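The residues making up each chain are set out below.
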Amino acid sequence: MLSSGDRIESVEQMEEVEVAEVVEEQKHVELPKEVKGIYWTASTAGNYRADELTAYMTKMGLNTAVIDLKTDAGSLAFEPEKESLKRYQQKRLLIKDLDSVLDKLYEKNIYRIARIPVMRDGVFATNHPDVAMKTEGGGFWRDNIGSVWVDPASEKVSDYAIELAREAYARGFDEVQFDYVRFASDGAVSQIRFPIYNGEESKVNVMQRFFKKVGTAMKESSIPSSFDLFGMTYFSHDDFNIGQRLVDVISYADFISPMVYPSHYQNGFRGFSNPAENPYQIVKISLDEGVKMMNGIYSGSEADLRSKSRPWIQDFDIGAVYTAPLIEAQIKASRDAGASGWILWNARNVYEPANYN
């Protein structure tokens, strides 16, 4: 808080002070010993289903909500307080009263994580076409589902991620989670024309800079942070042509959430004819392999290394019908692997009741 003798030299400093004072006034939920979380879309957070899911979480012993701050197209689903972010918000907000949503969760002692997709963002691309991935004809390049991406080498992209994360924490979120932190992979990637990335340096180097910059900014701002990674990053130091590697993230993140959905492993993986029918083994092997890869690289103890992981696990019917036993098997695998928690993914936010405790 400013004293009467303090001076402000610029508009930028004024904005930083305003954000800092908002952070100071907010109360944050303490990190649970074990995160037991579920995913919320922005739409869920902004309608009657928020109360339904809060009641469900309280009843079932769930303690963490991961909430989208952006729509799939990239527009902000809430009204930000920082003026420079308002250009990216929806005209008709999905979350009309973000503060009320966060307050209700706080009252139930539910840990609140803001999910921020970074490189898949059509709204940022439209506002900053100079950083958008393009085709040879000059139009926006789109992936297989029609999404527009921005260049991971752009400083504007990482600056925006940091700015939005600070806004989220200032508003009351307890942690910020960064998703789509990679180069595009699904679609005619050979047709991409990058505005900044020159193709001479490796994609790994580009993403190393991103993780270092964003992760360091979060630590300097005392904002807990996590990053979503593909499950296969726990098996190989190869970047799979997307620049994403576990080794490059682990030093800059408080937690890493690998997407170890059993259905997303190809049939025959590690001898399993249908990985989706073997959820315990797939999740446990994945987390164990990540530890093996980082042994000798990560400077902390093995227990600390294991607790860095907080996987996304499956609660949707692909590859198998995911009843309670299959969900519970993934939870047991996460615990047996020493993870610090787990988060259930269901795109519609309809969760199969299971024993989460």
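What counts as what
Residues numbered from 1 in each chain as written. Predicted model: local features only at pLDDT ≥ 70, side-chain atom pairs only at ≥ 80, totals over all residues. Heavy atoms only, no water. Helix = DSSP H or I, 4+ residues; strand = E, 2+ residues; numbered from the N terminus. Buried < 20%, exposed > 50% of the residue type's maximum accessible area, 1.4 Å probe, protein only. Contact = heavy atoms within 4.5 Å. Salt bridge = Lys/Arg side-chain N within 4 Å of Asp/Glu carboxyl O. Phe/Tyr/Trp six-rings, centres within 6.5 Å; stacked < 30°, edge-to-face > 60°. Pairing = 2+ DSSP bridges. Right-handed = clockwise from strand over helix to strand, strands pointing away.

**Focus: the side chain of threonine 233**
Then step 1. Considering the arrangement of structural elements, one finds threonine 233 in the loop between β5 (225-230) and α8 (246-249).
Then step 2. In this structure threonine 233 comes out as buried when scored by relative accessible area, which is 1%.
Then step 3. Beyond its immediate stretch of four places on either side in the chain, threonine 233 contacts Phe240, Gln244, Leu246 and Met293.

**Here's the deal with the pattern of salt bridges**
Then step 1. Taken as a whole, this structure holds 27 salt bridges when the rule is applied.
Then step 2. Between aspartate 99 and arginine 171 there is a salt bridge, and its shortest N-O distance comes to 3.0 Å. A residue pair is termed long-range when its members are at least 10 positions apart, and aspartate 99 in helix α4 (residues 98-107) and arginine 171 in helix α6 (residues 155-171) qualify at 72 residues.
Then step 3. Taking the relative accessible area as the measure of exposure, aspartate 99 reaches 31% and is therefore partly exposed.
Then step 4. Taking relative accessible area as the criterion, arginine 171 reaches 7% and is therefore assigned buried.
Then step 5. Taking the shortest distance from any N to any O, the salt bridge between glutamate 155 and lysine 213 comes out at 2.5 Å. Of this pair, glutamate 155 sits in helix α6 while lysine 213 sits in helix α7 (residues 203-220), and the two are 58 residues apart along the sequence.
Then step 6. According to the relative accessible area criterion, glutamate 155 is partly exposed, its value standing at 45%.
Then step 7. Take lysine 213: its relative accessible area is 25%, and that puts it in the partly exposed class.
Then step 8. Via salt bridges that share partners, Glu81, Asp99, Glu167 and Arg171 belong to a single interconnected network.

**So, the packing of aromatic side chains**
Then step 1. For the structure on display, the rule yields 19 aromatic pairs.
Then step 2. Judged by centre distance (4.6 Å) and plane angle (10 degrees), the rings of phenylalanine 124 and tyrosine 160 are stacked. With a gap of 36 residues between them, phenylalanine 124 in helix α5 (residues 122-127) and tyrosine 160 in helix α6 connect regions that are remote in the sequence.
Then step 3. On the basis of relative accessible area, tyrosine 160 is assigned to the buried category, the value being 6%.
Then step 4. Consider the rings of tryptophan 149 and tyrosine 180, whose centres lie 5.7 Å apart with planes at 75 degrees: the pair is edge-to-face. Residue tryptophan 149 is located in the loop between α5 and α6, and its partner tyrosine 180 is located in the loop between β4 (175-179) and α7; the two are separated by 31 residues in the primary sequence.
Then step 5. Overall, the relative accessible area of 17% leaves tyrosine 180 in the buried class.

**Focus on the side chain of serine 147**
Then step 1. Following the sequence through the fold, serine 147 ends up in the loop between α5 and α6.
Then step 2. Each residue touching serine 147, except ones within four places of it in the same chain, is listed here: Arg120, Trp141 and Arg142.

**Side note on the pairing of strand β3 (residues 111-117)**
Then step 1. Here β3 lies mainly inside the structure; seven of its seven residues are buried.
Then step 2. The pairing of strand β2 (residues 64-68) with β3 spans five bridges and is classified as parallel. Directly across from aspartate 68, in β3, lies its bridge partner arginine 115.
Then step 3. In this fold, the crossover linking β2 to β3 by way of α4 has right-handed handedness.
Then step 4. Of the strand pairs in this sheet, β3 and β4 are connected by five bridges, and their pairing is parallel. Residue pairing for β4: arginine 115 is matched across the bridge by glutamine 177.

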